[in-house]
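Next come the chains, spelled out residue by residue.
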Amino acid sequence: LILKSSEFFEVKKVDFSSDVDIELPYLIGRNIFDINLKDEARVLRNKYPQLKILSISRHLPDKITLHIRRRRPVARIKSYRYFYIDEEGVILPKESDYDSDLLPLLVGLEEKVERPRYGWSYADLKEVYLALRLIKELKKNPATSALSIDRIDVSDIRNLFFSVRTYGVEIR
């Protein structure tokens, strides 16, 4: 009881270990033991789907530290408009620093992902998983890392194919 009523344990500082600039003034002045870190992570994920919350920790007596990073898109999907998706299959809001023309377009998902929602992961869909895995493997391999993938067709996962923008080549 003393820990929860002492001013010594009131949050005075919220630190971020990233380049992301968000404000969490509602944490200042609260008792550090009253803050449910899992709930805070959930709230932040919902409010900022473009961020990956790596961890939230208490540093006694009066500081909360968030380790976060900005999610980066690796592909686009087309539904009723274009959406951006990161390496974990999470749908991202549009940000001005995305060079969308250079991101591969995943086609064949129109019926599987009709109304994408920001912050939701679609990596459990086989088609999305395979496309993201292909992108990752091509970027990891020195022989293919410089290729600029134009689109990946996942409409038939037994017959996946992609086209390379750089050379106008389609690979099945």
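Data block above holds the structure.
Notes on the structure in this doc start here. Values in this document were obtained by computation on a predicted structure and should not be read as measured data.

1. Re the overall build of the chain
Then comes step 1: Assigned secondary structure in the chain consists of 3 helices and 10 strands.
Then comes step 2: Starting at the N terminus, the α and β elements of the chain follow one another as α-β-α-β-β-β-β-β-β-α-β-β-β.
Then comes step 3: On C-alpha atoms alone, the chain measures out to a radius of gyration of 21 Å, which is more than a quarter above the 16 Å that the 2.2 N^0.38 rule sets for 172 residues.
Then comes step 4: By its C-alpha atoms, the chain is 70 × 35 × 25 Å across when sized along the principal axes.
Then comes step 5: The 172 residues of the chain split such that 41% are buried.
Then comes step 6: At a minimum sequence separation of 6, the contacts of the chain that also span at least 24 residues come to 48%.
Then comes step 7: Taken as two groups, the 31 positive and 27 negative side-chain charges of the chain have centres that lie 2 Å from each other.

2. So, the sheet that holds strand β3 (residues 63-70)
Then comes step 1: Pairing is mixed in the open sheet, where 3 strands are placed in the order β1-β3-β2. Every interior strand has two partners, whereas the edge strands, β1 (13-16) and β2 (51-59), have only one. Along the sheet, successive strands turn relative to each other by an average axial angle of 20 degrees, direction set aside.
Then comes step 2: As judged from the 8 bridges shared by β2 and β3, these two strands associate in the antiparallel manner.

3. Considering the packing of aromatic side chains
Then comes step 1: Enumeration over the complete set of coordinates arrives at 4 aromatic pairs.
Then comes step 2: Judged by centre distance (5.5 Å) and plane angle (75 degrees), the rings of Y80 and F83 are edge-to-face.
Then comes step 3: A connected cluster of aromatic rings, assembled from ring pairs, spans F8, F9 and F33.
Then comes step 4: Positioned above the aromatic ring of F83 is the side chain of R81, whose terminal nitrogen or guanidinium carbon lies 4.3 Å from the ring centre.

4. Thoughts on the nonpolar core
Then comes step 1: If you look at the biggest cluster of nonpolar residues, it comprises 22 residues, and the most contacted ones within it are I77, L106, L109, V128, I152 and F162.
Then comes step 2: Among the elements of the structure, β4 (73-78), β5 (82-86), α3 (126-140), β8 (149-153) and β9 (161-164) are those that each provide at least two residues to this core.
Then comes step 3: No other element matches α3, which puts 6 residues into this core.
Then comes step 4: Judged by nonpolar contacts, the second largest core, of 19 residues, contains L27, I32, I64 and I68.

5. Observations concerning the environment of S148
Then comes step 1: Along the chain, S148 falls in the loop between α3 and β8.
Then comes step 2: Taking relative accessible area as the criterion, S148 reaches 18% and is therefore assigned buried.
Then comes step 3: In sequence terms S148 and V164 are 16 residues apart; their C-alpha atoms lie 5.7 Å from each other.

6. Re a nonpolar patch on the surface
Then comes step 1: On the surface, a nonpolar cluster with roughly 240 Å² of combined accessible area is contributed by Y129, L130 and I157.
Then comes step 2: For I157, the position within the fold is in the loop between β8 and β9.

7. Comments concerning the pairing of β3
Then comes step 1: In this structure, β1 lies alongside β3, joined through 4 bridges in parallel fashion. Its bridge partner lying in β3, K13 is registered against K63.
Then comes step 2: Joining the antiparallel neighbours β2 and β3 is a turn of 3 residues.

Rules behind the numbers
- Residues numbered from 1 in each chain as written.
- Predicted model: local features only at pLDDT ≥ 70, side-chain atom pairs only at ≥ 80, totals over all residues.
- Heavy atoms only, no water.
- Helix = DSSP H or I, 4+ residues; strand = E, 2+ residues; numbered from the N terminus.
- Rg over C-alpha atoms; globule rule 2.2 N^0.38 Å.
- Buried < 20%, exposed > 50% of the residue type's maximum accessible area, 1.4 Å probe, protein only.
- Contact = heavy atoms within 4.5 Å.
- Lys, Arg positive; Asp, Glu negative; His and termini not counted.
- Charge placed at Lys NZ, Arg CZ, Asp CG, Glu CD.
- Pairing = 2+ DSSP bridges.
- Axes fitted to C-alpha atoms, helices over the stretch in contact; angles between N-to-C directions.
- Phe/Tyr/Trp six-rings, centres within 6.5 Å; stacked < 30°, edge-to-face > 60°.
- Lys NZ or Arg CZ within 6 Å of the ring centre and 35° of its normal.
- Core = buried A, V, L, I, M, F, W, Y, C linked by side-chain atoms within 4.5 Å.
- Patch = residues over 30% accessible without salt bridge, like charges linked within 9 Å, V, L, I, M, F, W, Y side chains within 5 Å.
- Areas by Shrake-Rupley, 256 points an atom, 1.4 Å probe, with all protein chains shown as cover.
- Salt bridge = Lys/Arg side-chain N within 4 Å of Asp/Glu carboxyl O.

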